[in-house]
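Here are the chains, one letter per residue:
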Amino acid sequence: MSSTFDPRLFRQALGRFPTGVTIVTATAGPDPAQWVGVTANSFNSVSLEPPMVLWSLGRNARSFETFVEASHFAVHILAENQQGLSNRFARTVDDKFDGLTCATGAGGVPLLDDCVACLECRTAHVYEGGDHLIFVGEVLKYSHSDRVPLVFHEGRYAALEEHPELAWSGRSGRNAADRPFAQDHLHALVTQASQRLAGAFHRAVREAGLEVMEWRILAALAGGSGLSLEALADETVMKRSDVADLVDRMVGRGILQRTPDGPDQVHRVAIAPAGQAQLDDLSARAQAQEEALLQDCAPAERQALLSALRRLAGREAGSSA
Ligand SMILES: Cc1cc2nc3c(=O)[nH]c(=O)nc-3n(C[C@H](O)[C@H](O)[C@H](O)COP(=O)(O)O)c2cc1C
């Protein structure tokens, strides 16, 4: 590939494809201390007859050798409330299985509880895939539940939601306002208002010269004395590699600065004065956008709207959760 091929832009392009999130587990032997597991969104279905799935693993993963040697692996499709588990298995740490009660499946692989689906596989083929290996597994056993899956898009977690046009306008694409049922349906109104607000906010972010992911980094660092890359990845629920790329770029543009290492020798980044100015500018723009959207509301109406929304969001005493 040409030398102008930019890995960061390539990753961004690939990140536009939304996926679910899985944890793939295997074991090097019968002792739970030999269990391994990694968060992976490279999972995909391959064949129905015989039933086969695939996923790919980076060669620099600590668990690499174990997966290469293992006769079996299990894929767990995560539920929307399993972000914490996903983050835990996305780190190279020793205690990934601490506190988890796991049954064992085909080939002695650890099985995680409460997932959307679990597929126990025999490693059928392993293919070279550049800096990754591609594992194709024959599915020996599977189970699934009606839990809602976790979604990953543009380097961050997202939630699955019904397409608003399908839900409220129908396949005909008829405007929601023309449908008597949808017209005053609270969910339809809140969804459409939320999309308008998010669109306006993201426009404000771009007008302030930032990408949405850069704004998330600035917001996570705002008012603090700096965070390690690991903590920043946790705060922004982004992949560490994406955070590292963005931080490099933002440091290059003078928006962030690296702080001197503390006693723990961990590198930290903090907002630079230029980044603070951009954050202040953005917050003024966002406020102006909000004003523009609410310009037709009288002050009393605005108060009533905010208080109703707080109650609906469960943020006010007396709200029904
Ligand atoms: C949402 C998400 C998806 C990921 N997908 C993959 C993947 O498909 N393949 C991979 O090798 N690493 C992937 N990773 C990174 C690994 O989970 C991470 O490198 C992990 O630390 C590897 O564990 P190990 O070093 O203990 O083996 C992903 C991380 C996240 C947060």
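See the structure printed just above.
Residues numbered from 1 in each chain as written. Predicted model: local features only at pLDDT ≥ 70, side-chain atom pairs only at ≥ 80, totals over all residues. Heavy atoms only, no water.

**Here's the deal with the overall build of the protein**
As a reminder, the rule being used: By the criteria applied, helices consist of DSSP H or I runs no shorter than four residues and strands consist of E runs no shorter than two, each listed in order from the N terminus. Note on contacts: a residue pair qualifies if any of its non-hydrogen atoms lie within 4.5 Å across the two residues. Using the Shrake-Rupley algorithm and a 1.4 Å probe, accessible areas are obtained, with residue cover drawn only from the displayed protein chains.
From N to C terminus, the protein includes 11 helices and 15 strands. Across the protein, the fraction of contacts at a sequence separation of at least 24, relative to all contacts at a separation of at least 6, is 60%. Surface summary for the protein: the accessible area is close to 18700 Å², and the carbon and sulfur share equals 53%.

**Overview of a nonpolar patch on the surface**
Condition: Patch membership is restricted to residues that have no salt bridge and whose relative accessible area is over 30%. Joining uses 9 Å for like charges and 5 Å for the nonpolar side chains Val, Leu, Ile, Met, Phe, Trp and Tyr. One speaks of a salt bridge when a side-chain nitrogen belonging to Lys or Arg is within 4 Å of a carboxyl oxygen belonging to Asp or Glu.
Taken together, the side chains of Leu 186, Val 190, Leu 305, Leu 309 and Leu 312 make up a nonpolar region of the molecular surface, amounting to roughly 430 Å² of accessible area. Examining the composition of the nonpolar patch, we find that three residues originate from one element, helix H11 (residues 299–312), more than from any other. In this fold, Leu 186 is placed in helix H6 (residues 186–207).

**Thoughts on the packing of helix H7 (residues 212–221) against helix H8 (residues 229–236)**
How we decide: With axes taken as lines fitted to C-alpha atoms, and helix axes fitted only over the stretch in contact, angles between N-to-C directions fall between 0 and 180 degrees. For classification purposes, angles smaller than 35 degrees are called roughly parallel, those larger than 145 roughly antiparallel, those between 65 and 115 roughly perpendicular, and all remaining angles oblique. Residue polarity follows a fixed list, in which Ala, Val, Leu, Ile, Met, Phe, Trp, Tyr, Cys and Pro are nonpolar, Asp, Glu, Lys and Arg are charged, and the others, Gly among them, are polar.
The N-to-C vectors of H7 and H8 enclose an angle of 110°; their axes lie 10 Å apart at closest approach. By the angle between their axes, H7 is roughly perpendicular relative to H8. On the side of H7, the interface is formed by Arg 216, Ile 217, Ala 220 and Leu 221, while H8 contributes Leu 232, Glu 235 and Thr 236. Of the residues assigned to the contact of H7 with H8, the class counts are four nonpolar, one polar and two charged.

This is a description of form; function is not addressed.
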